[in-house]
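In case you want the letters, here they are:
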Amino acid sequence: WLAASLLLSASLAWMVGKIGIMERLGHLLLAAQRLGAGDLSARSGLTETRGTLGTLAAALDDMAAALEADAATRARAEEALRESEERFRLLAEESPVSIMAFDRDGIITFVSNWHLKVFARGRLDAGYFLGRKVWELPGVASAGMVDQVRGILRGERLHLDEVRVPRSSIGEETWQNIRGVAL
């Protein structure tokens, strides 16, 4: 009987461990693996919150919920940024003023439609300007504004009224009011 009692006790302990601990650990492991693979909807599925495994399951589920909420917030913010950038792009393209943007190296990255229609009089397309250094444009160079335009890259504001431009990009003399700020 002693051997039978020991065997029965060992079997009972194995069943309790298998059902009570190993199965719950399996749920936790599966949820952790799914989270690690990027599935932020993964949860342990364990409802028992008492004891060490219950506390661990609740913490894992709370962490997953927080990550999922953060991802949703980030996605909404990214969408709002895309919409804002699109509105700004449309505003800059269609504003009735000449707008040029250039990067830190002075390379032109944007030129407004108005600039192409009015200043370039439709003779030059955006390809003429894009990719060039702004101070290499004939108008900037011929008006002697190279140092002032480079100052924008140093964070200086540029505000010039009635600037004579002896030779614009289309080879004509013009007078311009010029504003520049670092963005």
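Further up the page is the structure itself.
Residues numbered from 1 in each chain as written. Predicted model: local features only at pLDDT ≥ 70, side-chain atom pairs only at ≥ 80, totals over all residues. Heavy atoms only, no water.

Regarding the pattern of salt bridges
The full count for this structure, using the stated rule, is 10 salt bridges. When the shortest N-O distance is used, the salt bridge between Arg82 and Glu79 registers 2.9 Å. Taken together, the residues span about one helical turn, with Arg82 and Glu79 both in helix H2 (residues 51-94) at a distance of 3 residues. Arg82 sits in the partly exposed class, given a relative accessible area of 46%. In this structure, the salt-bridge partner of Arg164 is Glu173, at a minimum N-O distance of 2.6 Å. Note on Glu173: relative accessible area 46%, which makes it partly exposed. Each of the salt bridges in this network shares a partner with another, and the network as a whole consists of Glu86, Arg89 and Glu93. (Salt bridge = Lys/Arg side-chain N within 4 Å of Asp/Glu carboxyl O. Helix = DSSP H or I, 4+ residues; strand = E, 2+ residues; numbered from the N terminus. Buried < 20%, exposed > 50% of the residue type's maximum accessible area, 1.4 Å probe, protein only.)

Overview of the packing of aromatic side chains
Tallying each qualifying case throughout the model produces 2 aromatic pairs. Judged by centre distance (5.8 Å) and plane angle (75°), the ring pair of Trp114 and Phe119 falls under edge-to-face. Residue class for Phe119 comes out partly exposed when judged on its relative accessible area of 25%. Pairing Tyr128 with Phe129 gives two aromatic rings, centres 4.9 Å apart and planes at 85°, and the pair type is edge-to-face. Over the ring of Tyr128 we find Arg132, and its NZ or CZ is 4.6 Å from the ring centre. Here the guanidinium or amino end of Arg150 rests over the ring plane of Trp135, the centre of that ring lying 4.1 Å away. (Phe/Tyr/Trp six-rings, centres within 6.5 Å; stacked < 30°, edge-to-face > 60°. Lys NZ or Arg CZ within 6 Å of the ring centre and 35° of its normal.)

Focus: the pairing of strand E4 (residues 174-180)
Residues Thr174, Gln176, Ile178 and Gly180 line the buried face of E4, whereas the alternating positions Trp175, Asn177 and Arg179 sit on a face that is not buried. Across 6 bridges, strand E3 (residues 158-165) lies against E4 in antiparallel orientation. Each bridged residue has a counterpart across the sheet, and for Leu158 the counterpart in E4 is Gly180. (Pairing = 2+ DSSP bridges.)

Purely spatial values, then, with no claim about function.
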